[in-house]
Amino acid sequence: MRIAISASQCQGKTTLCNDILKNWPSYVRSPESYRKLVKEGNLPINKQVTKEGQRKILNALYEDCKQYTKPTDKVVFDRCPLDNIVYSLWAFDKQSSDIDGQFIKECTEIVRESMRFFDIIFFLPITKTAPVELKERD
């Protein structure tokens, strides 16, 4: 089963992934190309997103999920292309970057194609009911 965890920042995606891996050791985690790409490429994120940065992130997320093509693969993803398009849509709506309608259309096609690589996507909503303790990352 190919599982993706989808949520906004600091909602517990990594914590849930770690819990899955701890409880089901036959699963693996997909490479964390997203974080590495953002850090090493010094890509703008959050309110500073750009088409160039979002495209690079989307391509990395797509390539990551494309490595696992069989439903028998046991892998968990700590975000997926769906997260990227949601953020791009937010930036487009806020008109806070160079993201435009054509960019959204192009990216939507890539995200649509990527959905075939997942068997299930868990969405973690923003909530104050059960806050997740934040931990420092390496």
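Criteria and cut-off values
- For every chain, the first residue of the written sequence is number 1, and numbering continues from 1 onward in sequence order.
- Under the rules for a predicted model, residues below a pLDDT of 70 receive no local features and side-chain atom pairs below 80 are neither given nor counted, while totals for whole chains, interfaces and linings still include all residues.
- In computing side-chain values, all of the structure's heavy atoms are included and hydrogens and water are not.
- Just to be clear on terms, a salt bridge is a Lys or Arg side-chain nitrogen sitting within 4 Å of an Asp or Glu carboxyl oxygen.
- In this text, helices come from DSSP runs of H or I with a minimum length of four residues, and strands from runs of E with a minimum of two, each type numbered from the N-terminal end.
- Burial classes follow relative accessibility: with a 1.4 Å probe on protein chains only, a residue under 20% of its type's maximum area counts as buried, one over 50% as exposed, and anything between as partly exposed.
- Here is the rule: rings of Phe, Tyr and Trp (six-membered ring for Trp) pair when centre to centre is within 6.5 Å. Planes less than 30 degrees apart are stacked, more than 60 are edge-to-face, and the remainder are tilted.
- When DSSP finds two or more bridges between a pair of strands, those strands are recorded as paired.

**Topic: the pattern of salt bridges**
Right, on to step 1. With the rule as written, the count across this model stands at 8 salt bridges.
Right, on to step 2. Between Asp100 and Lys51 there is a salt bridge whose closest N-O contact spans 3.2 Å. A residue pair is termed long-range when its members are at least 10 positions apart, and Asp100 in the loop between helix 4 (81–94) and helix 5 (101–114) and Lys51 in helix 3 (residues 51–66) qualify at 49 residues.
Right, on to step 3. When its relative accessible area of 27% is taken as the criterion, Lys51 is described as partly exposed.
Right, on to step 4. The residue Glu109 makes a salt bridge to Arg112 at a minimum N-O spacing of 2.6 Å. Here Glu109 and its partner Arg112 are both found in helix 5, 3 residues apart, which amounts to about one turn of the helix.
Right, on to step 5. Given the relative accessible area of 53%, Arg112 is considered exposed.

**Description of the packing of aromatic side chains**
Right, on to step 1. For the structure shown, the criterion picks out 4 aromatic pairs.
Right, on to step 2. With 5.7 Å between their ring centres and 80 degrees between their planes, Tyr68 and Phe77 make a pair best called edge-to-face.
Right, on to step 3. Using a relative accessible area of 15% as the deciding quantity, one classes Tyr68 as buried.
Right, on to step 4. Here Phe77 and Phe118 contribute two aromatic rings whose centre-to-centre distance is 5.1 Å and whose plane-to-plane angle is 85 degrees, an arrangement assigned as edge-to-face. Highlighted residues: Phe77 in strand 3 (residues 75–77) and Phe118 in the loop between helix 5 and strand 4 (120–124), separated in sequence by 41 residues.

**Structural notes on the sheet that holds strand 2 (residues 28–29)**
Right, on to step 1. Ordered by their spatial adjacency, 4 strands build an open sheet running 2-3-1-4, and the pairing between neighbours is parallel. At either margin of the open sheet sits one strand with a lone partner, and together these are strand 2 and strand 4.
Right, on to step 2. Judged from the 3 bridges that link them, strand 1 (residues 2–7) and strand 3 form a sheet pairing that is parallel. When the sheet's bridge partners are listed, Ile3 is paired in strand 3 with Val76.

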